[in-house]
Every structure is written in C-alpha cells, then in structure tokens.
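For reference, the chains in residue letters:
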Number of protein chains: 2
Amino acid sequence: MTDPVERLGPQELGTYFVLLEALSLLQHQVEQQVQADGGLSYIQFQLLGRLVGAEGPLTMTQLADGVVYSRSGLTYQAGLLEKAGLITRAPSPDDERATLVSITDAGRELFHRVLPGHVEVTRRMLFDSLTADDLDHLGDIMTRVRDHMRAQPPRSAAPRKRRPKNN
Amino acid sequence: MTDPVERLGPQELGTYFVLLEALSLLQHQVEQQVQADGGLSYIQFQLLGRLVGAEGPLTMTQLADGVVYSRSGLTYQAGLLEKAGLITRAPSPDDERATLVSITDAGRELFHRVLPGHVEVTRRMLFDSLTADDLDHLGDIMTRVRDHMRAQPPRSAAPRKRRPKNN
DNA sequence: CGGGATTGCTTCGAAGTCGAAGCACGTTGT
DNA sequence: ACAACGTGCTTCGACTTCGAAGCAATCCCG
C-alpha cells in the first residue's frame, strides 16, 4: 500500500494498523457469537465473567476498573443485567454509598453456557494461526504493553481519581 | 465439572484477555489524542486517512470496506465530515447509485496536522515497550491473524447456533 | 426490450454511550 | 455537632450506532 503515512513511521505503523485491524475483526466476531449464543453484548459478557471470577460481590467501581467503560454506561448495563435476573444489586453494609453487585445462579449458568462458543470462536479466529512460540511471545509482548500503558498517565490527567494517592 | 476454560488452555485465555485489554487501552488513548488535536472521532480520522491514501475519490462501499463499520453509520459520519467541509460527496458518473467521496484540501490539511501526534501517541503507548525483535514478531503474528480472520467464512453462514430468542 | 433480483446508499426508530450534573453517604476540621 | 468537602453511584441530555426498511439505479436473463 502506498501510504504517505509510511514516511512518518516505518515498520511500526504497519504493525500498528494491522494490529488494530485484526483487533476490530476479532472483536466483531466475538460480539456476534456472544450475542447469538446468549443474547449478551460483549460488555455484559465481560461483566459476568468478572463476577464469576471474583470471590464474592464487587462494587460498581471495582467492576468498572476491569473493563474500560464509563461509570454511567456501567450503571445502564448493570440495570439491564439486573432486569434480566443475571445479577443483583444491593447497598453495601460497610458503606451505604457503595452498590454491591452479585451474580445470580442464572447469570452464572448463562455465562457458562456462552463460554464454550466464545472459546471456540477465539480459537478459530485467533489461535489457529499461532504456533506455541507465537502464543508465548504474544502473551509476553502484550503483557508488557498493557503494563506500560497502565503506567502511562494519559495526556489529560485522570478526570477523577478513585483513591487518595500521594499527589 | 468440566471447565471449558481449561480446554482452551490457561495460557491462551490469558493471552487473549491481555490482548483485548491492551488494545482497549490503546484505542482509548488514540481516541483521546485524535479528538484533542483535531476534534475528530477515530472513525473520522480513519476515513480521512483512507481518502488521503487513495489515489482519487472512493465510493461509500469502498470506504466502509477498510473500516469495520455499518453502512448507515458511515452515511452519518460522512454527513458530519461533509458539513465540516472535510470531504465532498457527489454521484458517480459511471453508476448513478454510487456516491463518490473526495477529500478536500481542508480535510487533507487537518489529517496531516493530527497525524504526528497520532504517531507520537502510538509510539509512546505501544512501541516504547517493544524491542525490534518484538516488533518484528508482533507484526508477523498479527498479519497472519488478520489474513486468517479475513479468510474465515462470514457470519452469514452460521452453522449451528442455538437461538436465544425467537426472532 | 421488460420484469424481477441485486446493489448502493439513505432514512428511521430503537438502543447504547458518554460526560456533566445531581443525590446521598462519609469523612474531616473546627 | 455542624459545615464543607470528597466519594460512589445514578440520572439526564446530547450524540452515536446499528439493523431494517425504503428508494433508486443497474444487472440478469428470458
């Protein structure tokens, strides 16, 4: 592809573009599957997965920390999940402000019904074209990238800090 | 208690999750920068970039092919870009159905004003934590993944999906 | 040629998303 | 104890997104 972009970044931009393109395709496929098998958006699936993985109930804030998602959007999605009987919300006994979110049996059941297809799709889409060495390297790379990004303060500093840190 | 997660393999699942998480973070940062520097959504930036890279005008369909995006959404975004004077739309002389989209000088100028910051952000977010070998391997891996996904049968042929609801 | 299927795009309505503002509880300082 | 501020979540309004339906031009095939 003759791209004037190429002048500003050599191999890096190519990698970047193909990375984003691949991600878009993967996300799209995953979204389709999760919707078809469980009537869930991917966000909802992620939220259920997070609750399944957690020991007990989580606050809204803890829930949002795992998914890159706005607070108001989380409220909306939690409302949908609650109405569908997949989670429950109750005020925390320790802190009346906080809302504790718990997964119901139905939610757990649905998650485990959707997961196999999810795994199947990701394997077919992603892992079938990877060798064990690729997988190893990819995991290593992305872990470092993730940590690096998490450490980077955004250009516009955090709109709202969630913990009193030393600053 | 057969755990379907175990069948995929903990390493694969972990890689998958960290991949999605990292790319979510990257996308979020990129979105911020493009918005801050040019008042554009990432979709709009992509569309301009595609038009800049093209030799001449593109049809709406050609434009949509590069970006994973719905047709109606593209119509909407093209409307915004046109109203902002960044592109123009005109019926094709060859095919009266088709709409030819061209980038204006203002659009080209804006794109090139935003691009350096874009490159800078992606470099800082993504490539600073990668070695040359990482970059090489990552590009190779994702190219294969992308091609693999592109080759997969489209979602029109859904083999055996349980229907969540009657539609 | 002519009629139906196909293609390219837009319109429309429902739903999702986000940031800002609002509400309620908690914490701190006096 | 009270006021003032901070924190956790929800509500609100504006905007975006998507699929389905609609419209018009083109293609296909007799």
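Residues numbered from 1 in each chain as written. Chains lettered and ligands numbered in written order. Predicted model: local features only at pLDDT ≥ 70, side-chain atom pairs only at ≥ 80, totals over all residues. Heavy atoms only, no water.

An unreviewed UniProt entry annotates chain A as MarR family transcriptional regulator of Actinomadura rayongensis.

Draft legend 1. Here's a closer look at the environment of A:Ala22. Tracing the backbone shows A:Ala22 in helix H1 (residues 11–38). Judged by relative accessible area, which is 1%, A:Ala22 ranks as buried. Along the backbone, A:Ala22 and A:Leu126 are 104 residues apart, and their C-alpha atoms lie at a distance of 9.2 Å. Apart from residues no more than four positions distant in its own chain, A:Ala22 is found in contact with B:Met142, B:Val145, B:Arg146 and B:Met149. (Helix = DSSP H or I, 4+ residues; strand = E, 2+ residues; numbered from the N terminus. Buried < 20%, exposed > 50% of the residue type's maximum accessible area, 1.4 Å probe, protein only. Contact = heavy atoms within 4.5 Å.)

Draft legend 2. Local environment of the sheet that holds strand E2 (residues 87–91) of chain A. Residues and elements named next belong to chain A. Pairing within the open sheet is antiparallel, and its three strands lie in the order E1-E3-E2. Sheet topology places strand E1 (58–59) and E2 at the edges, where each strand pairs with a single neighbour. With five bridges joining them, E2 and strand E3 (residues 99–103) adopt antiparallel strand pairing. Looking at the pairing, Ala-90 lines up with Leu-100 of E3. Taken strand by strand, helix H2 (residues 42–53) contacts E1, E2 and E3, and its axis lies near 90° from that of E3. (Pairing = 2+ DSSP bridges. Axes fitted to C-alpha atoms, helices over the stretch in contact; angles between N-to-C directions.)

Draft legend 3. Examining the packing of aromatic side chains more closely. All names here are of chain A. With the rule as written, the count across this model stands at four aromatic pairs over all chains. The interplanar angle of 25° and the centroid separation of 5.0 Å between the aromatic rings of Phe-45 and Phe-111 together place this pair among those described as stacked. Within this pair, whereas Phe-45 is found in helix H2, its partner Phe-111 is found in helix H5 (residues 105–125), the two being separated by 66 residues in sequence. Its relative accessible area of 4% is what places Phe-45 among the buried residues. For Phe-111, a relative accessible area of 8% corresponds to the buried category. (Phe/Tyr/Trp six-rings, centres within 6.5 Å; stacked < 30°, edge-to-face > 60°.)

Draft legend 4. Quick peek at the environment of A:Gly107. All names here are of chain A. With respect to the helices and strands, the residue Gly-107 is situated in helix H5. We classify Gly-107 as buried; its relative accessible area is 0%. For the pair Gly-107 and Leu-51, spaced 56 residues apart in the sequence, the C-alpha separation amounts to 9.3 Å. When sequence neighbours within four positions are dropped, the list of residues in contact with Gly-107 reads Leu-48, Gly-85 and Leu-86.

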